[in-house]
Amino acid sequence: MTLWTLLQGALLVANGLAILNNERFLEKYGWGFSNLGNNPMGPSPNALKYQIIGMLHAAAYLRVPLIVLNTLVVFVKLLFG
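Residues numbered from 1 in each chain as written. Predicted model: local features only at pLDDT ≥ 70, side-chain atom pairs only at ≥ 80, totals over all residues. Heavy atoms only, no water.

## Observations regarding the environment of Thr 71
Line of reasoning, step 1. Relative to the assigned elements, Thr 71 resides in helix 4 (residues 63-80).
Line of reasoning, step 2. From its side chain, Thr 71 meets the backbone oxygen of Ile 67 in a polar contact 2.7 Å long. (Helix = DSSP H or I, 4+ residues; strand = E, 2+ residues; numbered from the N terminus. Polar contact = N/O pair within 3.5 Å; in protein donor to acceptor, adjacent residues only side chain to side chain.)

Next comes the structure, spelled out in structure tokens:
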């Protein structure tokens, strides 16, 4: 396993996180963005669930850089196999 393979794997995971739809998928299972602020007596904002929800929210903003990185990986794969 090379560093290039690990970077491709991380790119695939980032792609998977970026395509999760908030309304159709995350809200249905209680992992939506609306769960961040409506729980005053619940767990602290530092709880693992809230950190994961925040990461999923941040991954949604990575769509444009992911398009560039995916294009770069496709061209490298086409050139070097």
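## Overview of a nonpolar patch on the surface
Line of reasoning, step 1. Among the surface-exposed residues, Met 1, Leu 3, Trp 4, Leu 6 and Leu 7 lie close enough to one another that they form a single nonpolar patch of about 610 Å² accessible area.
Line of reasoning, step 2. Positionally, Trp 4 belongs in helix 1 (residues 3-18).
Line of reasoning, step 3. Judged by relative accessible area, which is 35%, Trp 4 ranks as partly exposed. (Patch = residues over 30% accessible without salt bridge, like charges linked within 9 Å, V, L, I, M, F, W, Y side chains within 5 Å. Areas by Shrake-Rupley, 256 points an atom, 1.4 Å probe, with all protein chains shown as cover. Salt bridge = Lys/Arg side-chain N within 4 Å of Asp/Glu carboxyl O. Buried < 20%, exposed > 50% of the residue type's maximum accessible area, 1.4 Å probe, protein only.)

## Some thoughts on the environment of Ile 67
Line of reasoning, step 1. One can find Ile 67 in helix 4.
Line of reasoning, step 2. Distance from Ile 67 to Asn 15, taken between C-alpha atoms, is 9.2 Å for residues 52 residues apart in sequence.

## Overview of the side chain of Gln 8
Line of reasoning, step 1. Residue position: Gln 8 is located in helix 1.
Line of reasoning, step 2. Since its relative accessible area comes to 19%, Gln 8 is described here as buried.
Line of reasoning, step 3. Excluding residues that lie within four positions of it along the chain, Gln 8 makes contacts with Val 73 and Lys 77. (Contact = heavy atoms within 4.5 Å.)

## Examining helix 1
Line of reasoning, step 1. Compared with the 22 Å implied by 1.5 Å per residue over 16 residues, the 22 Å span of helix 1 between its first and last C-alpha is a close match.
Line of reasoning, step 2. Three or more residues of helix 1 are buried, namely Gln 8, Leu 11, Asn 15 and Ala 18. Along helix 1, the residues classed as buried sweep out an arc of 85 degrees about the axis, all on the same side. Structural note: helix 1 exposes Leu 3 and Val 13 on the side pointing more than 90 degrees away from its buried face. (Expected span 1.5 Å × (residues − 1). Arc of directions from axis to C-beta.)

## Digging into the packing of helix 1 against helix 4
Line of reasoning, step 1. Across the interface, helix 1 lies against helix 4 with an axial gap of 11 Å and an inter-helix angle of 140 degrees. With respect to the hand of their crossing, helix 1 and helix 4 are arranged in left-handed fashion. Residue-level inspection shows Trp 4, Gln 8, Leu 11, Ala 14, Asn 15 and Ala 18 of helix 1 in contact with helix 4, the latter providing Arg 63, Leu 66, Leu 69, Asn 70, Val 73, Val 76 and Lys 77.
Line of reasoning, step 2. Tallied by class, the residues present in the contact of helix 1 with helix 4 amount to 8 nonpolar, 3 polar and 2 charged. (Axes fitted to C-alpha atoms, helices over the stretch in contact; angles between N-to-C directions. Left-handed = near helix turned anticlockwise from the far one by under 90°. Nonpolar A, V, L, I, M, F, W, Y, C, P; charged D, E, K, R; others polar.)

## Regarding the environment of Asn 70
Line of reasoning, step 1. Take Asn 70: it is sitting in helix 4.
Line of reasoning, step 2. The exposure class assigned to Asn 70 is partly exposed, which follows from its relative accessible area of 25%.
Line of reasoning, step 3. Each C-alpha atom of the pair Asn 70 and Leu 11 lies 7.8 Å from the other, and the pair is 59 residues apart in sequence.
Line of reasoning, step 4. In contact with Asn 70, not counting residues within four places along its chain, are Leu 11 and Asn 15.

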